[in-house]
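Descriptive structure summary
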Amino acid sequence: MSASRSSSHFTKTETAEEPAGPPLIGALLRVAWEEVQQHMLERLHERGFDDLDAAHLNVFQYPGPQGARPADLATRLRMSKQAVNYLLGELERRDYLRRQPDPDDLRSKRVALTRRGKSAVRVIREAVAEIETAWAQRLGPQRFNQFRNVLLDLNQPT
């Protein structure tokens, strides 16, 4: 007889020998992030940016690519330089950004968002604001503000 229960996808256990247990903070943050990411993509696609997918959203992560060197962007995103350059190339071909010579180092490039890229960033920020409003309604303003403040605290340098 299996010890597996399915009251929710978070409490389901694989086997009696290896229970998954309750979700840890990483899983909880991932599920929340996936909800935000899905909402951003839905809004982008509704507004005509249907050539963007989840991989492209990595490049637009706060604080965004504007003015960054591709190598620095790769470090910040914890991606290989090749992967970032591939995504930058796709976004450049789709007119979201340009890689321009770095005025401080002519051997290097810097990312500059195009008008289309800046428009996409506005849609992304609007979508995240919608999620924040929905979560504040779901949790109540006080709990949501506590949640947001805890995240801000965790993001402060130690």
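Residues numbered from 1 in each chain as written. Predicted model: local features only at pLDDT ≥ 70, side-chain atom pairs only at ≥ 80, totals over all residues. Heavy atoms only, no water.

Overview of unusual backbone geometry
Put simply, the rule is: Here a helix means four or more residues in a row that DSSP labels H or I, a strand means two or more in a row labelled E, and each is numbered from the N terminus.
In the segment running from Y62 into P63, the intervening peptide bond is cis, with an omega of 10°. With respect to the element layout, P63 can be found in the loop between helix 2 (54–60) and helix 3 (70–77). The residue R78 is not glycine, and still its phi comes out positive at about 55°. Mapped onto the secondary structure, R78 falls in the loop between helix 3 and helix 4 (81–93). Residue D95 is not a glycine yet carries a positive backbone phi of 70°. Turning to its location among the elements, D95 is positioned in the loop between helix 4 and strand 1 (97–102).

Things to note about the packing of helix 1 (residues 25–46) against helix 5 (residues 115–139)
Under the convention used in this document: Angular values range over 0 to 180 degrees, each being the angle between N-to-C directions of two axes fitted as lines to C-alpha atoms, with helices fitted over their stretch in contact. Each angle is binned into one of four classes, with values under 35 degrees roughly parallel, values over 145 roughly antiparallel, values of 65 to 115 roughly perpendicular, and all other values oblique. Helix crossings fall into two classes, left-handed where the near helix is turned counterclockwise from the far one by less than a right angle and right-handed where it is turned clockwise. We call two residues in contact whenever any of their non-hydrogen atoms come within 4.5 Å of each other. All residues other than Ala, Val, Leu, Ile, Met, Phe, Trp, Tyr, Cys, Pro, Asp, Glu, Lys and Arg, Gly among them, are scored as polar; the first ten of these are nonpolar and the last four charged.
Taken N-terminus to C-terminus, the directions of helix 1 and helix 5 make an angle of 130°; their axes are 9 Å apart at the nearest point. Considering the angle they form, helix 1 stands oblique to helix 5. In this structure, helix 1 crosses over helix 5, and the sense of that crossing is right-handed. Residues A32, E35, V36, H39, M40, R43 and L44 of helix 1 pack against A120, V123, I124, A127, V128, E130, I131, W135 and R138 of helix 5. Class assignment for the residues of the contact of helix 1 with helix 5 results in 11 nonpolar, 1 polar and 4 charged.

Re the environment of L88
Under the convention used in this document: Residue exposure (1.4 Å probe, protein chains only): buried if accessible area is under 20% of the type maximum, exposed if over 50%, otherwise partly exposed.
Within the secondary structure, L88 is located in helix 4. Classification of L88 as buried rests on a relative accessible area of 0%. Here the alpha-carbon distance between L88 and P65, two residues 23 residues apart in the chain, equals 9.6 Å. Ignoring sequence-local partners within four residues, the contact set of L88 consists of V59, P70, L73, L97, R99 and V111.

Some words on the pairing of strand 1
Here is the rule we go by: In this scheme, strands are said to pair when DSSP sees at least two bridges between them.
Relative to strand 2 (residues 105–113), strand 1 is paired through 6 bridges, and the arrangement is antiparallel. Residue pairing for strand 2: L97 is matched across the bridge by L113. As consecutive antiparallel partners, strand 1 and strand 2 are separated by 2 residues.

Quick word on the nonpolar core
Note the cut-off: Here, nonpolar core means buried Ala, Val, Leu, Ile, Met, Phe, Trp, Tyr and Cys residues that are tied together by side-chain atoms lying within 4.5 Å of each other.
Core analysis: the biggest nonpolar cluster contains 29 residues, and L44 and L52 have the highest contact counts within it. Secondary-structure elements contributing two or more residues to this core are helix 1, helix 2, helix 3, helix 4, strand 2 and helix 5. Looking at this core, the element that brings in the most residues is helix 5, giving 7 residues. Discounting chain neighbours no more than four positions away, the residues touching L52 are L41, L44, H45, F60, L91, Y96 and A120.

Brief notes about the pattern of salt bridges
Pairs can form between side chains of opposite charge once their charged atoms are near each other. For the record, the criterion: Each salt bridge in this description consists of a side-chain nitrogen of Lys or Arg and a carboxyl oxygen of Asp or Glu lying within 4 Å of one another.
Taken as a whole and judged by the stated rule, the model has 13 salt bridges. Of the charged contacts in the structure, one is a salt bridge between R69 and D102, with a shortest N-O distance of 2.8 Å. A residue pair is termed long-range when its members are at least 10 positions apart, and R69 in the loop between helix 2 and helix 3 and D102 in strand 1 qualify at 33 residues. Where R99 meets E92, a salt bridge forms, and the shortest distance between an N and an O atom there is 2.9 Å.

A word on the side chain of H56
Just so we agree on the cut-off: Whenever two N or O atoms come within 3.5 Å, that pair is a polar contact, provided that in protein one can donate a hydrogen and the other can accept it, and provided that, for residues adjacent in sequence, both atoms are side-chain atoms.
Mapped onto the elements of the fold, H56 is located in helix 2. Looking at H56, its side chain comes within polar contact range of the side chain of R94, at 3.4 Å.

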